[in-house]
Amino acid sequence: MKPAEVKIQNIEKSYEGVKALYNISLDIQPGELFGFIGPDGAGKTTLFRIMASLLLPDAGKITVSGLDVVANYKELRHILGYMPGRFSLYPDLSVEENLRFFAGVHGTTIKQNYDLIKDIYQQIEPFKNRPAGKLSGGMKQKLALSCALIHKPALLLLDEPTTGVDAVSRQEFWNMLKHLKKEGITIVVSTPYMDEASLCDKVALMQKGQIMDIEKPAVIVEKFGYQLLSIKSNRMFALLHDLQQFEHSLSAYRFGDSIHYIPESPIKDFNILSYKLAERGHSEIVIKETQAVVEDCFILLMQQSEKAHGINS
Amino acid sequence: MESTANNRVIHVRELVKKFGDFVANDHLNFDVYAGEIFGFLGANGAGKTTAMKILCGLQRPSSGTIEVAGFDVYKQSDQIKKNIGYMSQRFSLYEDLTVKENFQFYGGIYGLSATEIKDRTRQMLESLQMTTSADMILRDIPLGWKQKLAFSVAMVHRPKIVFLDEPTGGVDPITRRQFWEMIYEAASKGVTVFVTTHYMDEAEYCNRISIMVDGRIEALDSPAALKAKYNAATMDEVFIRLARAGVRSMNG
């Protein structure tokens with residue numbers, strides 16, 4: 001089967017008067033690894049449920065390889081693999097029974113598509129007789145992914161597969177996705193972890209039901225458009241407040257072991273800045289220019305949209 | 001912040017917890033001091049939750065000496081509970097109660113008087129700049145606010161130590177940073193903060209961190225010292241190098 005193409009046109013959705021999605025439009029190319037990046041409440045799950053034909057939009061249209069998710073939902077479900085954010089397999093069935101069930105529902109067998117899931121399923125196969133509910137978190141995730149893949153879908157929807165997962169398992173999971181991409185499956189994934197954006201071919205940055213930007217991750221960071229300084233001193237907590245209060249400060253926030261500082265206009269001579277900080281009692285001052293990452297861009301976009309709309313939360 | 005026996009608020013020696021043959025916590029040793037922000041890291045399945053439950057007096061250890069806020073976990077778990085606050089990843093506020101009612105409920109559980117509850121609710125709402133939202137039903141409040149509220153509620157009885165279990169999961173990058181400012185403020189007033197997180201940049205915000213692998217503490221130091229020791233640029237690198245050596249996370 002050919003990897004699916006997804007066209008999302010003007011999707012709107014409200015729950016009891018509360019808007020969850022505002023006029024969402026975008027295209028996902030066949031074979032793309034596409035990421036929806038955003039915190040809880042961005043609308044990611046709502047959009048995934050509409051794409052998976054599990055929820056009706058209030059307005060707009062989504063097609064997957066030409067199939068309308070509302071009118072053609074039966075055909076759609078056979079070319080679609082969906083892994084919801086919450087564990088949704090049968091906890092009282094064994095690992096193997098779950099997999100056999102999902103294969104059977106789609107009119108196939110484990111044997112027929114074993115090649116596709118082999119690398120993932122082999123890691124949990126030693127526990128194939130264990131009830132799925134008794135697996136550890138990482139194993140549950142691998143089984144859920146196997147079940148979503150067993151009918152060889154053209155489109156794989158993964159809703160927050162790495163939330164609450166440790167850094168090592170997250171890295172492993174993304175390696176699995178890279179392998180799957182080679183099998184010719186379009187993969188759509190959502191995540192609240194900004195650092196995972198760089199692992200996607202293209203990303204949509206989402207916040208409060210809206211898309212703030214859609215680009216290749218490299219383009220998102222290129223578009224940042226400000227000088228970004230990474231600053232350290234012996235008093236980090238005070239440093240944050242001092243930088244926030246500087247006259248020409250656009251933004252200052254913690255970033256790992258340093259503060260990211262955006263001046264209103266680029267600073268050429270760091271000595272002046274260093275002197276101003278020393279005046280406020282800082283020592284061991286280190287100022288470096290640094291490259292923005294997706295998280296910097298997300299913060300900037302959020303601040304700009306809050307300024308524009310006066311959203312306050 | 002000093003590290004002396006006098007201001008030690010958590011004292012753990014040779015903590016072992018077994019479930020049948022499975023050793024969840026394998027001879028843990030560490031101390032945490034007043035006003036310290038202590039990051040408790042580890043892969044899924046490394047044994048963090050078990051250790052946290054023991055420190056909170058919710059589970060008995062198999063062996064070892066453990067004191068929390070000066071009380072013995074075997075004999076004085078009730079006193080421990082009165083002196084600690086706890087906030088979990090999926091916070092424990094009541095969605096169908098108002099903001100104010102949640103404060104009243106938890107204040108009542110901790111035995112505060114009606115006046116104390118009223119005063120503290122007002123103070124906390126002021127510092128959160130949420131006075132106008134006191135009568136809102138919790139479910140109608142944005143997630144970022146809920147998380148800040150949950151932290152304040154966990155502090156309503158002015159505990160010596162507050163345990164935060166993945167407090168910032170799923171939160172936007174700005175709110176996540178505001179949450180950490182609340183943590184710094186609490187620590188600057190002498191409250192000890194014991195926190196778990198999967199965001200490795202947050203590990204940098206802690207005074208000291210421990211990294212658990214397969215039930216043992218494999219590393220414990222300041223983020224700067226750990227990066228130097230493992231010759232790593234970020235805490236992410238340190239964590240991945242240590243956790244990769246673990247057997248349990250590979251199966252888990």
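Residues numbered from 1 in each chain as written. Chains lettered and ligands numbered in written order. Predicted model: local features only at pLDDT ≥ 70, side-chain atom pairs only at ≥ 80, totals over all residues. Heavy atoms only, no water.

A.B. asks: Looking at this structure, how should I read the pairing of strand E2 (residues 18-28) of chain A?
C.D. replies: On a regular strand, one side chain projects to one face of the sheet and the next to the other, so that they alternate. All names here are of chain A. As defined by bridge partners, strand E1 (residues 6-15) adjoins E2 across 7 bridges and the pair is classed as antiparallel. When the bridges of E2 are listed, Lys13 appears paired with Leu21. Here E1 folds back onto E2, and the loop between the two strands holds 2 residues, one of which, Glu16, carries a positive phi near 45°. (Pairing = 2+ DSSP bridges. Helix = DSSP H or I, 4+ residues; strand = E, 2+ residues; numbered from the N terminus.)

A.B. asks: How do you make sense of the environment of Glu196 of chain A when you look at a structure like this?
C.D. replies: Residues and elements named next belong to chain A. The residue Glu196 is located in the loop between strand E8 (186-191) and strand E9 (202-207) in this model. Owing to a relative accessible area of 2%, Glu196 belongs among the buried residues under this scheme. Measuring from C-alpha to C-alpha, the distance between Glu196 and Trp174 comes to 8.5 Å, with 22 residues separating the pair along the chain. For Glu196, the contacting residues outside a window of four places in its chain are Thr162, Arg170, Trp174 and Thr191. Within the local environment of Glu196, its side chain forms a polar contact with the side chain of Trp174, the two groups lying 3.2 Å apart. (Buried < 20%, exposed > 50% of the residue type's maximum accessible area, 1.4 Å probe, protein only. Contact = heavy atoms within 4.5 Å. Polar contact = N/O pair within 3.5 Å; in protein donor to acceptor, adjacent residues only side chain to side chain.)

A.B. asks: Would you mind showing me how to read the pattern of salt bridges here?
C.D. replies: Under the definition given, this model contains 29 salt bridges over all chains. The salt bridge involving Arg241 of chain B is made with Glu237 of chain B; its shortest N-O contact spans 3.9 Å. With Arg241 of chain B and Glu237 of chain B both in helix H9 (residues 235-244), this residue pair falls 4 residues apart, about one helical turn. Residue class for Arg241 of chain B comes out partly exposed when judged on its relative accessible area of 44%. Since its relative accessible area comes to 35%, Glu237 of chain B is described here as partly exposed. Overlapping salt bridges, with partners in common, bring together Glu295 of chain A together with Arg176, Arg177, Asp201 and Glu202 of chain B in one network. (Salt bridge = Lys/Arg side-chain N within 4 Å of Asp/Glu carboxyl O.)

A.B. asks: Would you mind showing me how to read the confidence of the model for chain B here?
C.D. replies: Detailed reading of the predicted coordinates is not advisable wherever pLDDT falls low. Across chain B, the average pLDDT comes to 91, with 96% of residues at or above 70. Of the two predicted TM-score estimates for the complex, the pTM is 0.89 and the ipTM is 0.85. (pLDDT = per-residue confidence, 0-100.)

A.B. asks: I keep staring at the sheet that holds strand E5 (residues 67-68) of chain A and nothing clicks. Help me out?
C.D. replies: Strand pairs in the sheet, formed through backbone hydrogen bonds, run parallel or antiparallel to each other. All names here are of chain A. Taken together, the 4 strands give an open sheet; going across it, the order is E2-E1-E4-E5, and neighbouring strands pair in antiparallel fashion. Whereas interior strands pair on both sides, the edge strands pair on one side only; in this sheet they are E2 and E5. As defined by bridge partners, strand E4 (residues 59-64) adjoins E5 across 2 bridges and the pair is classed as antiparallel. Counted as the bridge partner of Thr63 is Asp68 from E5. Together, E1, E2 and E4 form the strand contacts of helix H1 (residues 44-51), whose direction differs from that of E1 by roughly 120°. (Axes fitted to C-alpha atoms, helices over the stretch in contact; angles between N-to-C directions.)

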